Amino acid sequence: MKSIEEISGQTRLVGFYANPARHSLSPKMHNLSFSKLGIDAVYLAFEVTKEALPTQIQAIRNMQMLGVNLSMPHKVAALDYVDELSPAAKIIGAINTIVNHEGKLIGHNTDGIGFIASLAENQIDIIGQTMTIIGAGGAATAMITQAALDGVKQIYVLNRPSAHFKTYQEKIQAIMQATNCPIELISLEDQPLVYQAVNKSQLLVNATSVGMYPNVDELPIDKEVLRADLPVYDAIYHPRETKLLKVAAAKGALTINGLGMLLHQGAAAFKLWTNQEMPVDYVKEHLF
Ligand code: NAP
């Protein structure tokens with residue numbers, strides 16, 4: 001980590017804009033990486049209100065910041081204040097990273113990249129395979145889009161029949177058109193279709209908040225669908241092992257939590273700001 005004496009007139013700023021923001025692991029992740037690689041930059045978290053977002057994004061230009069990460073509640077609203085979007089961010093309709101190219105702000109979404117990189121780190125290759133994902137919110141959209149762009153053969157999306165279902169249907173239609181990947185939205189209450197989808201899949205993903213602290217005893221899907229040869233990925237990392245992962249592991253399945261996705265979405269943003277690879281092993285050793 002950069003000591004205060006090392007901050008100079010040359011030191012560049014990267015920000016984390018969210019509300020709340022103080023809990024984030026991102027400052028430590030990026031500051032460890034800047035320090036390890038000798039990059040003269042610091043990363044700070046800012047609690048930014050919805051009202052202040054446009055001014056704070058303009059501040060990226062005014063203060064010649066390298067860029068920012070964005071989290072709730074700004075990932076969609078920020079679209080209106082950047083100059084350009086990456087192809088994936090355009091499809092997803094949300095950004096978690098802004099890169100400042102000499103005053104021109106480019107919006108990116110690295111969540112899906114982080115998900116795929118985290119799978120690769122666990123020797124899971126879903127290209128040309130079928131996956132089922134539970135949830136269709138912000139994280140799921142990024143994961144589905146990247147999987148579809150990277151060449152997954154078929155994606156089944158399971159969601160409860162909530163008020164959002166119709167919006168999810170429209171969003172999935174748009175992702176399908178943009179990527180040519182067949183994607184089917186199924187109600188979690190439609191048991192035969194849920195079973196059919198999971199039975200055809202080589203990967204099951206949870207991208208809902210079901211099972212997240214403090215509701216650690218909740219399962220997002222009927223445990224009978226799990227099987228030993230079905231790896232299970234949970235985007236949640238608090239707790240490190242959700243009930244879903246515990247039940248899947250007890251059946252003999254490979255299980256992976258969301259820490260890798262968190263780390264690799266950060267690594268992808270780091271690369272965009274610095275053009276250098278984040279030292280992920282070093283970060284893992286010191287952060288997790
Ligand atoms: P979001 O946009 O609010 O979406 C939440 C999803 O969960 C929606 O599909 C929602 O369905 C579903 N859901 C919520 N409560 C449910 C319940 N009781 N029963 C069934 N479905 C329920 O949130 P998000 O940003 O996508 O985050 C989802 C999860 O991913 C969170 O646990 C978050 O911590 C995790 N995440 C991890 C990373 C990482 O780097 N590892 C990054 C981002 C997010 P409805 O819309 O129908 O309510």
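Cut-off values and rules
Residues numbered from 1 in each chain as written. Predicted model: local features only at pLDDT ≥ 70, side-chain atom pairs only at ≥ 80, totals over all residues. Heavy atoms only, no water. Pairing = 2+ DSSP bridges. Helix = DSSP H or I, 4+ residues; strand = E, 2+ residues; numbered from the N terminus. Contact = heavy atoms within 4.5 Å. Axes fitted to C-alpha atoms, helices over the stretch in contact; angles between N-to-C directions. Near = heavy atom within 4 Å. Polar contact = N/O pair within 3.5 Å; in protein donor to acceptor, adjacent residues only side chain to side chain. Areas by Shrake-Rupley, 256 points an atom, 1.4 Å probe, with all protein chains shown as cover. Nonpolar A, V, L, I, M, F, W, Y, C, P; charged D, E, K, R; others polar. Parallel < 35°, antiparallel > 145°, perpendicular 65-115°, else oblique. Left-handed = near helix turned anticlockwise from the far one by under 90°. UniProt positions renumbered as here; feature names shortened; annotations may be inferred. Buried < 20%, exposed > 50% of the residue type's maximum accessible area, 1.4 Å probe, protein only. 1 Å grid on protein atoms, 1.4 Å probe; cavity = no way out; pocket = protein on both sides within 12 Å on 5 of 7 lines; lining within 4 Å. Points joined across faces, edges and corners; volume = space filled by probe spheres on them. Arc of directions from axis to C-beta.

*Asks:* Please give an account of the sheet that holds strand β4 (residues 84-85) that cites residues and values.
*Replies:* Spatially, β2-β1-β3-β5-β6-β4 is the arrangement adopted by the 6 strands of the open sheet, whose pairing is mixed. The sheet is open, and its two edges are formed by β2 (41-47) and β4, each paired on a single side. With 7 bridges joining them, strand β1 (residues 12-18) and β2 adopt parallel strand pairing. Note on β2: the bridge partner recorded for G15 is L44. The sheet strands contacting helix α2 (residues 53-62) are β1, β3 (67-70), β5 (97-101) and β6 (104-108), and the helix crosses β1 at an angle near 165 degrees.

*Asks:* Please set out the site of the ligand residue by residue, giving values where relevant.
*Replies:* Not every one of the 21 residues close to the ligand is listed here, only the nearest: A139, R160, S162, H164 and Y168. Residue S162 places a side-chain N or O atom 2.4 Å away from an oxygen atom belonging to the ligand. One of the side-chain N or O atoms of Y168 is found 2.4 Å from an oxygen atom in the ligand. Burial of the ligand by the surrounding chains reaches 74%, relative to a free accessible area of 920 Å². Mapped onto the shell around the ligand, the elements with two or more residues apiece are α5 (138-150) and α9 (259-274). The residue makeup of the shell around the ligand, split by class, is 11 nonpolar, 9 polar and 1 charged.

*Asks:* Lay out the packing of helix α4 (residues 111-121) against α9 with the relevant residues and their values.
*Replies:* The N-to-C vectors of α4 and α9 enclose an angle of 120 degrees; their axes lie 7 Å apart at closest approach. With respect to each other, α4 and α9 are oriented oblique. For the crossing formed where α4 meets α9, the hand is right-handed. The residues of α9 that touch α4, namely those facing D111, I113, G114, F115, A117, S118 and E121, are G260, M261, H264, Q265 and A268.

*Asks:* Lay out the UniProt feature "binding site: shikimate" (unreviewed entry) in the protein chain with the relevant residues and their values.
*Replies:* On the UniProt side, "binding site: shikimate" (unreviewed entry) is annotated at positions that read S24, L25, S26, S71, N96, D111, Y237 and Q265 here. Secondary-structure assignment places L25 in the loop between β1 and α1 (26-37). With a relative accessible area of 29%, L25 lands in the partly exposed category. When sequence neighbours within four positions are dropped, the list of residues in contact with L25 reads L262, L287 and F288. Topologically, Q265 is positioned in helix α9. You can call Q265 buried: its relative accessible area is 8%.

*Asks:* So, the sheet that holds strand β12 (residues 255-256): which residues are in play, and what are the values?
*Replies:* Across the sheet, which stays open at both edges, the 6 strands sit in the order β9-β8-β7-β10-β11-β12 with parallel pairing between neighbours. The open sheet terminates on both sides in strands that have one partner only, identified here as β9 (183-187) and β12. Along the sheet face, helix α6 (residues 165-179) touches β8 (154-159) and β9 and points at about 165 degrees away from the line of β9. Helix-sheet contacts for helix α7 (residues 191-199) involve β7 (130-134), β8, β9 and β10 (203-206), and the interaxial angle to β9 is about 140 degrees.

*Asks:* For the UniProt feature "active site" (unreviewed entry) in the protein chain, give the residues involved together with the corresponding values.
*Replies:* According to UniProt, the "active site" (unreviewed entry) feature falls on K75. Tracing the backbone through its elements, the reader meets K75 in the loop between β3 and β4. Residues contacting K75, with those up to four places away along its chain left out, are L70, A94, I95, N96 and D111.

*Asks:* Please give an account of the layout of surface pockets that cites residues and values.
*Replies:* Estimated volume of the second largest pocket: approximately 260 Å³. Those elements that place two or more of their residues in the lining of the second largest pocket are α3 (87-92), α4 and α9. Among the elements that take part in the lining of the second largest pocket, α9 stands out by supplying 5 residues, more than any other. Of the residues that constitute the lining of the second largest pocket, the class distribution is 10 nonpolar, 5 polar and 2 charged.

*Asks:* I'd like to hear about helix α10 (residues 280-287), residue by residue, with values.
*Replies:* If you check which residues of α10 are buried, you get V280, V283 and L287. Around the axis of α10, the buried residues are gathered within 60 degrees of arc, so they sit on the same side. For α10, the exposed residues set more than 90 degrees away from the buried face come down to D281 and E285. In the core, the buried residues of α10 are packed alongside α1 and α9.

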